[in-house]
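Here is what each chain is made of, one letter per residue.
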Amino acid sequence: ATKTYPEVIAFLNKYLHDRIPPEMKGFCWTSINLNCNYAARQHRDANNFGPSFIQAFGDFKGGCLNYWPEDDKFSDKEDKLKSADSLSLQLRDGLCLFNGNCSHNVDEFEGERYSVVFFCVRCF
């Protein structure tokens with residue numbers, strides 16, 4: 001997509017650059033993930049550095065990002081994490097910064113939901 005649609009990538013890069021909080025101006029990203037109507041199951045990102053910016057768009061209800069910031073990142077017992085220990089982030093309200101190496105998932109939703117994730121791969 002980068003070579004075929006460079007204007008789309010330029011637009012997405014400018015979108016984040018123009019909205020990134022001043023205290024995060026040093027955030028760099030190598031990759032952009034676009035999702036359409038995808039409710040991710042609980043997981044940890046395996047190949048990214050960790051910090052990720054995400055935002056959701058569309059006409060939908062539900063679809064919050066559940067995020068466990070205190071996840072030890074090493075336990076193989078993701079299903080044992082307590083929902084009371086998670087943060088529920090409404091991604092349509094603006095950019096959210098989270099550590100993708102900590103466990104996270106997306107609530108079920110109704111409607112059309114798109115999300116964009118900016119992150120840095122480990123090997124960068």
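Now for a look at the structure at hand. (Residues numbered from 1 in each chain as written. Predicted model: local features only at pLDDT ≥ 70, side-chain atom pairs only at ≥ 80, totals over all residues. Heavy atoms only, no water.)

1. Some words on the pattern of salt bridges
- Counted by the stated rule, this structure contains 2 salt bridges.
- For K14, the salt bridge goes to D18, with nearest N and O atoms at 2.7 Å. Note that K14 and D18 are positioned in helix α1 (residues 6-19) at a spacing of 4 residues, about one turn of the helix.
- Note that R44 is salt-bridged to D71, the shortest N-O span being 2.6 Å. Residue R44 is found in the loop between β1 (31-36) and β2 (48-57), and its partner D71 is found in the loop between β4 (65-67) and β5 (87-89); the two are separated by 27 residues along the sequence.
- Given a relative accessible area of 6%, D71 falls into the buried group. (Salt bridge = Lys/Arg side-chain N within 4 Å of Asp/Glu carboxyl O. Helix = DSSP H or I, 4+ residues; strand = E, 2+ residues; numbered from the N terminus. Buried < 20%, exposed > 50% of the residue type's maximum accessible area, 1.4 Å probe, protein only.)

2. Some remarks on the sheet that holds β5
- Taken in spatial order, the 3 strands of this open sheet run β5-β4-β7, and their pairing is antiparallel. Here the strands that pair on one side only, and so sit at the sheet edges, are β5 and β7 (104-106). Averaged over all adjacent pairs, the angle separating strand axes in this sheet is 20°, with direction ignored.
- In terms of strand pairing, β4 meets β7 through 3 bridges, oriented antiparallel. For N66, the partnering residue across the bridge sits in β7 and is N105. (Pairing = 2+ DSSP bridges. Axes fitted to C-alpha atoms, helices over the stretch in contact; angles between N-to-C directions.)

3. Quick notes on the packing of aromatic side chains
- Under the definition given, this model contains 6 aromatic pairs.
- A ring pair is formed by F27 and F53, whose centres lie 4.9 Å apart and whose planes are at 90°; its orientation type is edge-to-face. Here the residue F27 occupies a position in the loop between α1 and β1, and F53 occupies one in strand β2, the gap between them amounting to 26 residues.
- The exposure class assigned to F27 is buried, which follows from its relative accessible area of 10%.
- Relative to F98, the ring of Y67 lies with its centre 5.6 Å away and its plane at 75°, an arrangement referred to as edge-to-face. A residue pair is termed long-range when its members are at least 10 positions apart, and Y67 in strand β4 and F98 in strand β6 (residues 96-99) qualify at 31 residues. Across the pair, exposure class does not vary: Y67 and F98 are buried alike.
- Each member of the aromatic cluster is reached from another via a ring pair, and the members are F27, W29, F53 and F118.
- Between the NZ or CZ atom of R92 and the centre of the ring of F60, over which it lies, the distance is 4.0 Å. (Phe/Tyr/Trp six-rings, centres within 6.5 Å; stacked < 30°, edge-to-face > 60°. Lys NZ or Arg CZ within 6 Å of the ring centre and 35° of its normal.)

These figures come from the coordinates and say nothing about function on their own.
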